[in-house]
Amino acid sequence: MKINWPWKRNQNKNKDSNRNIIIIAACFVLIIMVSVMSGRKSDRRDIEVKNNPFSGRSINGAHAQSYSADRTPQSESDDKIFGSEHARLSIFVYEDYTSQFSAALADTLEKIKAESGDNLAIIIRPYFKDSPAALSAALAVDCAGAQGKWEAMRALLFARVKNKQLATTDFSGYISQLGLKAKDFNNCLTNEQKSGKMEKLASAAEIYAVQGAPTMFIDGEMILGARPYADFVDSNGDKVVGLKTLVTEKLK
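Rules used in this analysis
Residues numbered from 1 in each chain as written. Predicted model: local features only at pLDDT ≥ 70, side-chain atom pairs only at ≥ 80, totals over all residues. Heavy atoms only, no water. Helix = DSSP H or I, 4+ residues; strand = E, 2+ residues; numbered from the N terminus. Contact = heavy atoms within 4.5 Å. Areas by Shrake-Rupley, 256 points an atom, 1.4 Å probe, with all protein chains shown as cover. Salt bridge = Lys/Arg side-chain N within 4 Å of Asp/Glu carboxyl O. Expected span 1.5 Å × (residues − 1). Buried < 20%, exposed > 50% of the residue type's maximum accessible area, 1.4 Å probe, protein only. Arc of directions from axis to C-beta. Polar contact = N/O pair within 3.5 Å; in protein donor to acceptor, adjacent residues only side chain to side chain. Axes fitted to C-alpha atoms, helices over the stretch in contact; angles between N-to-C directions. Left-handed = near helix turned anticlockwise from the far one by under 90°. Nonpolar A, V, L, I, M, F, W, Y, C, P; charged D, E, K, R; others polar. Phe/Tyr/Trp six-rings, centres within 6.5 Å; stacked < 30°, edge-to-face > 60°. Lys NZ or Arg CZ within 6 Å of the ring centre and 35° of its normal.

Participant: Honestly, the overall build of the protein in this entry has me stumped. Any pointers?
Facilitator: The helix and strand inventory of the protein stands at 8 helices and 8 strands. Relative to all contacts within the protein whose residues are 6 or more apart in sequence, the contacts with residues 24 or more apart total 73%. Taken as a whole, the protein presents about 15,100 Å² of accessible surface, with 51% of it coming from carbon and sulfur.

Here it is in structure tokens:
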């Protein structure tokens, strides 16, 4: 006959209790580790968003980056240019006419162009990927150009962007303000040739690895974001030359 001694039963209970305590402790540690790792991942996502040159919370805080471009844009006969195509230095700019960052960069470029004179040419190209509003604005600039007023339309759109008053579904107010021929302008907006031209520009942007606006190409260098006029320290604590310094160095 097998005898179950009381002290053995107590011993088994103690072992079961200890095992349960160990399991509970292990689960608790595992939960803490998962929470910590999730927090770290969240922190990394926050950093990525803050450092993204196209999603900064403020124009001055936009993280500017530069890369050596594998391919760079070349001048075309229908380019929109500030300055002479024979200037010593050309800046190609992909811009979004609905973007505050592009509007800020436009002001910086205008200041640098005024200082550089005939030595600098600024070639403007629209960027509108996945944005119907940006596409409409790009068409408006192009169609105003058919009447010799693309610069005026571009300036007007950026002025509205700064004041947060931009409308891209009804251009009637812009038409009257710029003195455009309404019928010609509206027909242009729905012209298939213009749509084809926009598709060509979008394809070209992808060829040059443009993924957001504004993006600049200066002498083989690809610059992301609205690079400020003066030298500055970016969000990583790195010193970055401003656009004025960069242009001056390229012109030497």
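Participant: Help me understand the pattern of salt bridges in this model?
Facilitator: When their charged atoms lie close together, side chains carrying opposite charge are able to pair. In the structure shown here, the tally under the stated rule is 10 salt bridges. Notably, a salt bridge pairs Lys250 with Glu221, separated by 3.6 Å at the nearest N-O pair. Of this pair, Lys250 sits in helix α8 (residues 243–251) while Glu221 sits in strand β6 (residues 221–224), and the two are 29 residues apart along the sequence. One salt-bridge network, held together by shared partners, links Asp78, Lys80, Asp142, Lys194 and Lys197.

Participant: Which parts of the structure should I look at to understand helix α7 (residues 192–207)?
Facilitator: Along an α-helix, a turn takes 3.6 residues, which lines up residues three or four apart on a common side. Taking 1.5 Å of rise per residue, 16 residues should cover 22 Å, and α7 covers 23 Å from first to last C-alpha, within 8% of that figure. The complete set of buried residues in α7 reads Lys194, Met198, Leu201, Ala204 and Ala205. Taken down its axis, α7 places every buried residue within 120 degrees of arc, on the same side. Facing away from the buried surface of α7 by more than 90 degrees, the exposed residues are Glu192, Gln193, Glu199, Lys200 and Glu206. Tucked into the core, α7 has its buried residues touching β3 (89–95), β4 (120–126), α3 (132–145) and α6 (182–189). Near the N-terminus of α7, the side chain that reaches the backbone nitrogen of Gln193, with its oxygen 2.7 Å away, is that of Asn191. Looking one or two residues past α7, Ala209 carries a phi angle of roughly 65 degrees, positive in sign.

Participant: I tried to follow the packing of α3 against α7 on my own but got confused; where do I start?
Facilitator: For any two helices packed against each other, the geometry comes down to the angle between their axes and how far apart the axes lie. Where α3 contacts α7, the axes come no closer than 11 Å and their chain directions differ by 115 degrees. α7 is crossed by α3, and the crossing has right-handed handedness. Residue-level inspection shows Leu135, Ala138, Leu139 and Asp142 of α3 in contact with α7, the latter providing Lys194, Lys197 and Met198. In terms of residue class, the contact of α3 with α7 is built from 4 nonpolar, no polar and 3 charged.

Participant: What is the right way to read the packing of aromatic side chains from this model?
Facilitator: Between two aromatic rings, the relevant description is the distance of the centres plus the angle of the planes. Applying the stated criterion across every chain, the model contains 6 aromatic pairs. When the ring of Phe82 is compared with that of Trp150, the centres are 5.1 Å apart and the planes differ by 55 degrees; the resulting orientation is tilted. Taken together, the residues span a long stretch of sequence, with Phe82 in strand β2 (residues 80–82) and Trp150 in helix α4 (residues 150–162) at a distance of 68 residues. Here the aromatic rings of Phe171 and Phe185 are separated by 6.1 Å at their centres, their planes lie at 70 degrees, and the arrangement is edge-to-face. Note that Phe171 is positioned in the loop between α4 and α5 (172–178) and Phe185 in helix α6, a separation of 14 residues in sequence. Classification of Phe171 as buried rests on a relative accessible area of 7%. Aromatic rings pair up to connect Tyr94, Tyr208 and Phe217 into one cluster. Across the ring face of Tyr229, the terminal group of Lys111 is positioned such that the distance to the ring centre comes to 4.0 Å.

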